[in-house]
Amino acid sequence: GESVGLHLPTLSVQEGDNSIINCAYSNSASDYFIWYKQESGKGPQFIIDIRSNMDKRQGQRVTVLLNKTVKHLSLQIAATQPGDSAVYFCAETLNNAGNMLTFGGGTRLMVKP
Amino acid sequence: DGGITQSPKYLFRKEGQNVTLSCEQNLNHDAMYWYRQDPGQGLRLIYYSQIVNDFQKGDIAEGYSVSREKKESFPLTVTSAQKNPTAFYLCASSSRGLEQYFGPGTRLTVT
């Protein structure tokens, strides 16, 4: 079936810098997207979501951008902190897919002090 | 305190034994899910249940079984037929919204 995301790459950033984590999706019909954060040994935590009728959504220190033309999703973290170190997953779904999510492979973010 | 609980956090079993992982939620969610995660990998769907007394296979259901007798509970049994059972197992639930809420996970080691 169609899949979301990339194999697990690693992004290393300096504390205080901004981070940008990218995700490519292949199902052009997907209409809802979520970013999750997973710390080592724990379950994923919801960060932010966006529907396909939007191209940008902001939360606290995080922004999700959706480019439907190129089927690309990004998560921007402002002023990255050591506590942001984790694996970040994007997930996609169709509104009529019965809550089924397709997860990408994730990106490991490492924050250097 | 609402949420999803999984127990135990760590589980060790000998090869050839069946083992059941617990997942309980008090969020009143209709849907529940089981995922498997291997080191450095993403989440792969094992089984899911959209409603009590009903469940469907996910992408990697072979060697696993589930039951959904109560809305709050969705136990996963890892059978001896599962060829490579050592992994991190995550349970999730969701309501009408599309977001899935995850439990803390159970790390199963089979030797």
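Up top is the structure these notes are about.
None of the values given here were measured: they were computed from a predicted structure.

## Regarding the overall build of chain B
Step number 1: Tallying secondary structure elements over chain B gives 0 helices and 11 strands in all.
Step number 2: Along chain B, from the amino end to the carboxyl end, the secondary structure elements read β-β-β-β-β-β-β-β-β-β-β.
Step number 3: Taking 2.2 N^0.38 as the reference for a compact globule, 111 residues should give roughly 13 Å; the C-alpha atoms of chain B span a radius of gyration of 13 Å, in line with that estimate.
Step number 4: If you sum the accessible surface of chain B, you get close to 5,600 Å²; carbon and sulfur atoms cover 46% of it.
Step number 5: For chain B, the centre of its 12 positive side-chain charges and the centre of its 11 negative side-chain charges are spaced 5 Å apart.

## A look at the overall build of chain A
Step number 1: Helix and strand content of chain A: 0 helices and 10 strands.
Step number 2: Taken from N to C terminus, the helices and strands of chain A fall in the order β-β-β-β-β-β-β-β-β-β.
Step number 3: Within chain A, buried positions represent 42% of all 113 residues.
Step number 4: Nonlocal contacts in chain A, meaning residues at least 24 apart in sequence, comprise 55% of its contacts between residues at least 6 apart.
Step number 5: If you sum the accessible surface of chain A, you get close to 5,600 Å²; carbon and sulfur atoms cover 46% of it.

## Remarks on the sheet that holds strand β7 (residues 64-66) of chain B
Residues and elements named next belong to chain B.
Step number 1: If you trace the 4 strands from one edge of the open sheet to the other, you get β1-β3-β8-β7, paired in antiparallel fashion. Looking at which strands have only one partner, the edges of the open sheet turn out to be β1 (4-7) and β7. The average undirected angle you get between the axes of adjacent strands in this sheet is 20°.

## What to know about the pairing of strand β3 (residues 19-25) of chain B
Moving residue by residue along a regular strand, the side chains alternate between the two faces of the sheet.
Residues and elements named next belong to chain B.
Step number 1: Across the two faces of β3 the burial differs, with V19, L21, C23 and Q25 buried and T20, S22 and E24 not buried at all.
Step number 2: Pairing geometry for β3 and strand β8 (residues 76-78), over 3 bridges, is antiparallel. Each residue of the ladder has a partner; that of T20, found in β8, is T77.

## Digging into the side chain of N27(A)
All names here are of chain A.
Step number 1: Secondary-structure assignment places N27 in the loop between β2 (19-24) and β3 (32-38).
Step number 2: A relative accessible area of 15% means that N27 is categorised as buried.
Step number 3: Engagement of the side chain of N27 in a polar contact is seen with the backbone nitrogen of A29, the distance being 2.9 Å.

## Things to note about the layout of surface pockets
Step number 1: Computed from the structure, the second largest pocket encloses a volume of approximately 280 Å³.
Step number 2: Every residue lining the second largest pocket is counted, 18 residues in all, and those nearest its centre are Q38(A), S40(A), G41(A), R108(A) and Q37(B).

## Quick look at the side chain of S94(B)
Step number 1: Tracing the backbone shows S94(B) in strand β9 (residues 87-94).
Step number 2: Looking at S94(B), its side chain comes within polar contact range of the side chain of Y33(B), at 2.8 Å.

## Points about the state of the cysteines
Step number 1: Inspection of every chain in the model, using the stated rule, returns 2 disulfides over all chains.
Step number 2: Disulfide partner of C23(A): C90(A), at an S-S distance of 1.8 Å. Of note, the bridge from C23(A) to C90(A) carries an S-S torsion of about 50° and is right-handed in sense. Of the two residues, C23(A) sits in strand β2 while C90(A) sits in strand β8 (residues 86-93), which places them 67 residues apart along the sequence. Judged on exposure class, the residue C23(A) and its partner C90(A) are both buried.
Step number 3: The side chain of C23(B) participates in a disulfide bridge whose partner is C91(B); the two sulfur atoms lie 1.9 Å from each other. An S-S torsion of about -75° defines the bridge between C23(B) and C91(B) as left-handed. One end of the pair, C23(B), is in strand β3; the other, C91(B), is in strand β9, and 68 residues separate them in sequence.
Step number 4: Residue classification places C23(B) among the buried positions, given a relative accessible area of 0%.
Step number 5: C91(B) sits in the buried class, given a relative accessible area of 0%.

Reading guide: rules and limits
- Here the residue index of a chain counts from 1 through its sequence in written order.
- All chains are assigned letters beginning with A, and all ligands numbers beginning with 1, in the order in which they are written.
- For a predicted model such as this one, the threshold for reporting local features is a pLDDT of at least 70, and the threshold for listing and counting side-chain atom pairs is 80 or more; totals across whole chains, interfaces and linings nevertheless cover every residue.
- Hydrogens and water molecules were not included; the side-chain quantities draw on all heavy atoms of the structure.
- Each helix corresponds to a stretch of at least 4 residues labelled H or I by DSSP, and each strand to a stretch of at least 2 residues labelled E; elements are numbered beginning at the N terminus.
- To get the radius of gyration, use the C-alpha atoms; to get the globule rule, take the number of residues to the power 0.38 and multiply by 2.2 Å.
- Here the accessible surface of atoms and residues is derived via Shrake-Rupley with a 1.4 Å probe, and residues count as covered only by protein chains that are part of the display.
- His residues and chain termini do not enter the charge count, which takes Lys and Arg as positive and Asp and Glu as negative.
- Working definition for charges: the position is that of NZ of Lys, CZ of Arg, CG of Asp or CD of Glu.
- Residue burial is assigned from relative accessible area. The probe radius is 1.4 Å, only protein chains are included, and a residue is buried under 20% of its type maximum, exposed over 50%, and partly exposed in between.
- Whether two residues are in contact is decided by their heavy atoms: any pair within 4.5 Å suffices.
- By this definition, two strands are paired if DSSP reports at least two bridges between them.
- Fitted lines through C-alpha atoms serve as axes, helices being fitted only where they are in contact, and the angles separating the N-to-C directions of these axes extend from 0 to 180 degrees.
- For the purposes of these results, a polar contact is taken to be a pair of N or O atoms within 3.5 Å, where, inside protein, one atom must be able to donate a hydrogen and its partner to accept one; residues adjacent in sequence count only when each atom of the pair is a side-chain atom.
- Buried and open spaces are told apart on a 1 Å grid over the protein atoms alone, a cavity being a set of points where a 1.4 Å probe fits but cannot get out and a pocket being an open set with protein on both sides within 12 Å along at least five of seven lines. Residues with an atom within 4 Å of a point are the lining residues.
- Grid points are joined across faces, edges and corners, and a volume is the space filled by probe spheres set on the points.
- The rule for a disulfide is simple: a pair of cysteine sulfur atoms within 2.5 Å.

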